[in-house]
Amino acid sequence: MNALLPFPNISPEIFTISLFGMEFALRWYALAYIAGIIIGWRLVVMTIKTPRLWIDRQPVMTPTQIEDMLTWIILGVLMGGRMGYVLFYQPGVYLADPLSILAIWEGGMAFHGGMLGVVLAAWLYTRHYGINKLSAADAIALGVPPGLLLGRFANFINAELWGRPTELPWGVIFPGEAAQYCPQIVGACARHPSQLYEAFLEGVVLLVLLLWMAWRREAFKRPGLMCGTFLAGYGIARFAVEFVRQPDGQFVGPGNPLGLAFQLGGYGLTMGQMLSLPMILLGVYFVVRARRKAAQPT
């Protein structure tokens, strides 16, 4: 190998306290969720308090409504993320032991499921209060990238969701028997830090793009444009990173070393790519729709 980067010695737990004979720990993963939600919420409120960004200087919601909807969204993230992981990645395991579905502290969340949970929660809230759904989706889209950025950093700290073996100079030697199981490699096995790739593409690039669109291109005045850009952008980023991301173990087998969930004629897609394709198509649809409506004479 050209180079090997040792995994940084960062504990997944920030601190642990003992109370009444039990130990309680604050983990980086939990902090990433909390911080991501708070930052996203403040970003959205900031746009709501800037009337010039919206059609006729009328923001889609009030700051109070944003705070109320946040509770619905948090529930959608948790419930959707968990059920998405159960249904998309480990249905057999959880069908054999349904009560383990509740053990979210053991890990197992899927972004695509969490996104569906957010969509359902936001749809129910906006429908109940008569709020424009596409404009609300645009506002929500701006608040998502910070959570993705911090969540992927937490994945890296947890030494999970690493990539395929690589000889590139920035390959990381992740700890653990599973990460070091590379039959074709002698010695330490370096892998793509795919979590950091996703953090950059899904978190940094998408956030910068959406902020530029909102403040410089007045994208909120074209309902669906921000939402569509986020959906297509995330889908493309995730689809690309899947080429170097280690697939989930349940998809890997003797005749399927790449862990493809769908195969045809020697080619195929991973589960992450299959779930990202509808996002890309839906995102492109919303972008085209928003641009066409903006081009129509009033």
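A quick note: this is a predicted structure, and the numbers were derived from the prediction, not measured.

Colleague: Let's hear about unusual backbone geometry: which residues, and what values?
Modeller: Not every positive phi belongs to a glycine, and Asp56 is a case in point at roughly 55°. Residue position: Asp56 is located in the loop between α1 (28-48) and α2 (63-88). Using a relative accessible area of 65% as the deciding quantity, one classes Asp56 as exposed. Backbone geometry at Arg57 places phi at a positive 55°, although glycine is not the residue there. Its location among the elements puts Arg57 in the loop between α1 and α2. By relative accessible area, which is 53% here, Arg57 ends up exposed.

Colleague: Give me the lowdown on the environment of Ala136, citing residues and values where you can.
Modeller: The residue Ala136 is located in helix α5 (residues 133-143) in this model. Judged by relative accessible area, which is 1%, Ala136 ranks as buried. With near-sequence residues (within four places) excluded, Ala136 lies in contact with Val60, Met61, Thr126 and Ile131.

Colleague: Lay out the packing of aromatic side chains in plain terms, naming residues and giving numbers.
Modeller: Applying the stated criterion across every chain yields a total of 10 aromatic pairs. Between the aromatic rings of Phe239 and Phe243, the centroid separation amounts to 5.8 Å while the plane-to-plane angle is 75°, which identifies the pairing as edge-to-face. What makes Phe243 exposed here is its relative accessible area of 52%. Arranged with centres 5.5 Å apart and planes meeting at 55°, the rings of Tyr285 and Phe286 form a pair that is tilted. Residue Phe286 is classed as buried on the basis of its relative accessible area, which comes to 17%. The side chain of Arg42 reaches across the aromatic face of Trp41, ending 4.9 Å from its centre.

Colleague: Now, about the state of the cysteines: what can you tell me, with residues and values included?
Modeller: Using the criterion set out here, one finds 1 disulfide in the structure. Two residues share a disulfide in this structure: Cys182 and Cys189, whose sulfurs sit 2.0 Å from each other. Handedness of the Cys182-Cys189 disulfide follows from its S-S torsion of about -70°: it is left-handed. The same class applies to Cys182 as to Cys189, namely buried.

Colleague: Before we move on, could you go through helix α4 (residues 111-129) and cite the residues and values that matter?
Modeller: Spanning 19 residues, α4 covers 27 Å between terminal C-alpha atoms, matching the ideal 27 Å at 1.5 Å per step. Once α4 ends, the next one or two residues include Gly130, with phi positive near 65°.

Cut-off values and rules
- Residues numbered from 1 in each chain as written.
- Predicted model: local features only at pLDDT ≥ 70, side-chain atom pairs only at ≥ 80, totals over all residues.
- Heavy atoms only, no water.
- Helix = DSSP H or I, 4+ residues; strand = E, 2+ residues; numbered from the N terminus.
- Buried < 20%, exposed > 50% of the residue type's maximum accessible area, 1.4 Å probe, protein only.
- Contact = heavy atoms within 4.5 Å.
- Phe/Tyr/Trp six-rings, centres within 6.5 Å; stacked < 30°, edge-to-face > 60°.
- Lys NZ or Arg CZ within 6 Å of the ring centre and 35° of its normal.
- Disulfide = S-S within 2.5 Å.
- Expected span 1.5 Å × (residues − 1).

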